[in-house]
Amino acid sequence: MPLEETELREEQLQQLRRLVQSPGWALLRQRLAQLVQRNEAEKAKLLRDSVMGRETRASYLQGHVDGVQAAMSELTKYAQELERAVNPPSPVY
């Protein structure tokens with residue numbers, strides 16, 4: 001018997017909550033944060049040196065940093081969307 005849409009969203013939300021609480025997720029977030037720090041440091045150095053062609057590498061690194069940060073925040077956004085879908089706010093009168 002297939003899950004109803006609400007049941008499916010509840011299951012997804014439960015799985016996301018388990019993922020967020022897992023040690024593996026914490027390790028992944030830590031690794032991604034380190035990657036962002038390294039890229040930011042390299043980008044800053046390249047921009048300070050400001051030699052032709054290095055601006056391109058700095059722009060690439062900024063795009064990489066933006067992508068990693070977006071990926072790190074996506075799980076939280078998705079969980080919030082599911083939470084609202086599963087437990088919609090009460091209407092205000």
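1. Describing the side chain of Asn-39
Following the sequence through the fold, Asn-39 ends up in helix α2 (residues 23–49). Those residues in contact with Asn-39 that lie beyond four places of it in its chain are Leu-61, His-64 and Val-65.

2. Observations concerning the environment of Thr-6
With respect to the helices and strands, Thr-6 occurs in helix α1 (residues 5–21). For Thr-6, a relative accessible area of 45% gives the class partly exposed. Between the C-alpha atom of Thr-6 and that of Ala-85, which follows or precedes it by 79 residues, the distance is 7.9 Å.

3. Some thoughts on the nonpolar core
With 7 residues, the main nonpolar core is built from Leu-13, Leu-16, Trp-25, Leu-75, Ala-79, Leu-82 and Val-86. Contributing elements (two or more residues each) for this core: α1 and α3 (54–86). The element best represented in this core is α3, accounting for 4 residues. Filtering out sequence-adjacent residues up to four positions away, Trp-25 remains in contact with Leu-19, Val-20 and Leu-75. In terms of nonpolar packing, the next biggest core, distinct from the first, is built from 6 residues, Leu-35, Val-65, Val-68 and Met-72 among them.

4. Examining the side chain of Lys-43
Considering the arrangement of structural elements, one finds Lys-43 in helix α2. Of the residues examined, Lys-43 reaches a relative accessible area of 13% and is grouped as buried. The residues contacting Lys-43, other than those within four sequence positions of it, are Ala-58, Leu-61 and Gln-62.

Rules of the game
Residues numbered from 1 in each chain as written. Predicted model: local features only at pLDDT ≥ 70, side-chain atom pairs only at ≥ 80, totals over all residues. Heavy atoms only, no water. Helix = DSSP H or I, 4+ residues; strand = E, 2+ residues; numbered from the N terminus. Contact = heavy atoms within 4.5 Å. Buried < 20%, exposed > 50% of the residue type's maximum accessible area, 1.4 Å probe, protein only. Core = buried A, V, L, I, M, F, W, Y, C linked by side-chain atoms within 4.5 Å.

Nothing here speaks to function; it is geometry throughout.
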